[in-house]
Amino acid sequence: MEADLPPPASALMEELVEEVLLRFPPADPSRLVAAALVCRRWRALLAGPGFRRRFRELHRSPPLLGLLCNSPTGARFLPSSAFRPPGLPSTADGLLRGWRALDARHGRVLLRWDPASSVSGGSCPPLVVWDPITDQRKDLPPLLWAQYPYSWNAAVLCSAGAAGCDHLDCCGGHFLVVVVGTNSKEMFAHVYSSESGAWSEATSARHPNDSIDFAPSALVGNALYFAFQMDGAVLEYDLGTREMAVIRLPPHCFSWQRIALTATNDGHLGFATADRSAIYLWKREASSQGGDAHWAQTRAIEHAKLLPAGALLAFPDVVGFVDSIALIYVRTADGLFTVDLKSSQVTKVSNDTGFSGIFPYMSFHTPALGVLSAGERPSAGT
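Given the structure is predicted, the values throughout are model-derived calculations rather than measurements.

Draft legend 1. Here's a closer look at the layout of surface pockets. Here the second largest pocket is characterised by a volume of approximately 270 Å³. Lining the second largest pocket are 15 residues, and of these Thr264, Asn265, Leu281, Thr298 and Phe321 lie nearest its centre. Looking at which element gives the most residues to the lining of the second largest pocket, the answer is strand E19 (residues 278–285), with 3 residues. Considering only residue class, the lining of the second largest pocket consists of 7 nonpolar, 4 polar and 4 charged.

Draft legend 2. Geometry of unusual backbone geometry. Look at His106: it is not a glycine, yet its phi comes out positive at around 55°. Looking at where His106 falls in the secondary structure, it is placed in the loop between strand E4 (99–105) and strand E5 (108–113). Residues other than glycine seldom take positive phi values, yet Ala326 does so here, at roughly 55°. By the secondary structure assignment, Ala326 is in the loop between strand E21 (317–322) and strand E22 (327–332). On the accessibility criterion, Ala326 (14% relative accessible area) is buried.

Draft legend 3. Highlighting the pattern of salt bridges. Applying the stated criterion to the full structure yields 9 salt bridges. Here Glu18 makes a salt bridge to Arg54, at a shortest N to O gap of 3.4 Å. Here Glu18, found in helix H1 (residues 9–22), pairs with Arg54, found in helix H4 (residues 49–59); they are 36 residues apart in sequence, far enough to count as distant. Taking the relative accessible area as the measure of exposure, Glu18 reaches 17% and is therefore buried.

Draft legend 4. The arrangement of the sheet that holds E22 in detail. With antiparallel pairing, 4 strands are arranged side by side in an open sheet as E21-E22-E23-E24. At either margin of the open sheet sits one strand with a lone partner, and together these are E21 and strand E24 (346–350). Geometrically, the sheet is characterised by an average inter-axis angle of 25° between neighbouring strands, direction not taken into account. The sheet contact formed by E22 and strand E23 (residues 335–340) spans 6 bridges and is antiparallel. Paired with Thr332 across the two strands is Gly335, which belongs to E23.

Draft legend 5. Up close: the sheet that holds strand E16 (residues 244–248). One open sheet holds the 4 strands; their spatial order is E13-E14-E15-E16, and the pairing between them is antiparallel. Of all strands in the sheet, those bounded by a partner on one side alone are strand E13 (218–220) and E16. Recorded for the sheet is a direction-independent mean angle of 30° between the axes of neighbouring strands. Alignment of strand E15 (residues 233–238) against E16, held across 5 bridges, turns out to be antiparallel. Across the sheet, the residue bridging to Ala233 is Arg248, located in E16.

Draft legend 6. The packing of aromatic side chains, seen in detail. Per the stated rule, a full pass over the model turns up 12 aromatic pairs. With 5.1 Å between their ring centres and 70° between their planes, Phe271 and Trp295 make a pair best called edge-to-face. Residue Phe271 is located in strand E18 (residues 269–274), and its partner Trp295 is located in strand E20 (residues 294–302); the two are separated by 24 residues in the primary sequence. Just as Phe271 is buried, Trp295 falls in that class too. One aromatic cluster is present, formed by Trp145, Trp152, Phe188 and Phe214 through successive ring pairs. We note Arg31 situated over the ring of Phe24; from NZ or CZ to the ring centre the distance is 4.6 Å. Against the face of Phe214 rests Arg112, its NZ or CZ located 4.5 Å from the ring centre.

Draft legend 7. How the structure looks around the side chain of Asp275. Note that Asp275 resides in the loop between E18 and E19. Among the polar contacts made by the side chain of Asp275, one reaches the main-chain amide nitrogen of Ser277 at a distance of 2.9 Å. Among the polar contacts listed, one links the side chain of Asp275 to the backbone nitrogen of Ala278, at a separation of 2.9 Å.

Draft legend 8. The arrangement of H4 in detail. Within H4 the residues assigned to the buried category are Phe51, Arg52, Phe55 and Arg56. Viewed along the axis of H4, the buried residues span an arc of 130°, placing them on a single side of the element.

Draft legend 9. Structural detail: the pairing of strand E9 (residues 175–182). Where burial is concerned, most of E9 is hidden: 8 out of the 8 residues are buried. Side chains Phe175, Val177, Val179 and Gly181 of E9 all project onto a buried face; the interleaved residues Leu176, Val178, Val180 and Thr182 project onto the opposite face, where all are buried too. Here strand E8 (residues 151–158) runs beside E9; their pairing, made up of 8 bridges, is antiparallel. The partner of Cys158 across the bridge, within E9, is Phe175. Linking two consecutive strands that pair antiparallel, namely E9 and strand E10 (residues 186–193), is a turn of 3 residues.

Draft legend 10. Highlighting the pairing of E18. Burial within E18 is extensive, with 6 of its 6 residues counted as buried. In E18, alternate side chains face the same way, and those of Leu269, Phe271 and Thr273 on one face and Gly270, Ala272 and Ala274 on the other are all buried. In terms of strand pairing, strand E17 (residues 260–263) meets E18 through 4 bridges, oriented antiparallel. Bridge pairing links Ala263 to Leu269 in E18. Here E17 hands over to E18 after 5 residues, with Gly267 in that stretch at a positive phi of 85°. Sheet topology places E18 next to E19; 5 bridges connect them, and they run antiparallel. Across the sheet, residue Gly270 finds its bridge partner in E19, namely Lys283. Counting the residues between successive antiparallel strands, the hairpin from E18 to E19 contains 3 residues.

Thresholds, definitions, all that
- Residues numbered from 1 in each chain as written.
- Predicted model: local features only at pLDDT ≥ 70, side-chain atom pairs only at ≥ 80, totals over all residues.
- Heavy atoms only, no water.
- 1 Å grid on protein atoms, 1.4 Å probe; cavity = no way out; pocket = protein on both sides within 12 Å on 5 of 7 lines; lining within 4 Å.
- Points joined across faces, edges and corners; volume = space filled by probe spheres on them.
- Helix = DSSP H or I, 4+ residues; strand = E, 2+ residues; numbered from the N terminus.
- Nonpolar A, V, L, I, M, F, W, Y, C, P; charged D, E, K, R; others polar.
- Buried < 20%, exposed > 50% of the residue type's maximum accessible area, 1.4 Å probe, protein only.
- Salt bridge = Lys/Arg side-chain N within 4 Å of Asp/Glu carboxyl O.
- Pairing = 2+ DSSP bridges.
- Axes fitted to C-alpha atoms, helices over the stretch in contact; angles between N-to-C directions.
- Phe/Tyr/Trp six-rings, centres within 6.5 Å; stacked < 30°, edge-to-face > 60°.
- Lys NZ or Arg CZ within 6 Å of the ring centre and 35° of its normal.
- Polar contact = N/O pair within 3.5 Å; in protein donor to acceptor, adjacent residues only side chain to side chain.
- Arc of directions from axis to C-beta.

Shown next as structure tokens:
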């Protein structure tokens, strides 16, 4: 009986190379680009679906590649890594002129065309779902309003839902776009499915006596949440039942404070807000007595211990929350800052204070896919 022979040295070396490449930080895709240029064997390894799958499964949480910020002239992409969207010319300074970001989730960005924030012609402004990594754009068909809306907002998400997808590599699959709004009579919702290529009929609910804010939404389980502008409340849209409800914020005066909605690590709805002295984190919890859910404050972070003195000359404003990495965006008199809730590290992102919306873009990026030319097939001997 022949003894088991060890694998050839070349096979062992290739396994070691893959194990090393798998541990490259996903937030720095330029390192994978450099590795793909070493030789054709490495390129073939990095471009293979097996490597991409293992890379995502190992790191689990998609990295923060950049930030879409709405400015008066359009949505601007501020990179948080070496990644730059290929569809943005290097001379454009990351600006999508004339487009505004509405949402960024599951590797996709939802854009609307209407720099003046106006609604005309009885229809929703043109909407586009954009993949910044591949630069693929899907134009959505016009959505005709049944009645002129006083306010509206929208969100994009993978259509598989939390139970059917881990959202690590789903940006090329089917997606949903949910539009919610208010008019003179009611609040309403429409859903676009990329699978059917059409908008659903409107569902409606009792008027909330408030307007929906153009602020980032939150996805918690099977429900989307949108902030209202003035009345200290949140709109809940159930993706399964397509029903809407209004959830009141804690019994404090939040009508003059901006909130950033989020999903907490244990699967609850949460939000962050600020006043002159601190940033406050809240979570909605189920009652232990079987009654209605209630709000609980989970943390208070004093500004003076984190932000530079110049940033506190005006009222700090929480404008974004990246739940998966516990990162808060705070707009101050001195610019835009991030606060890492785990390490308490503060980083200045931009000197600009004129952004009207902050949408973090998170996705895995394997740039080796674009390194191989369309007709190139690496041979086994190179």
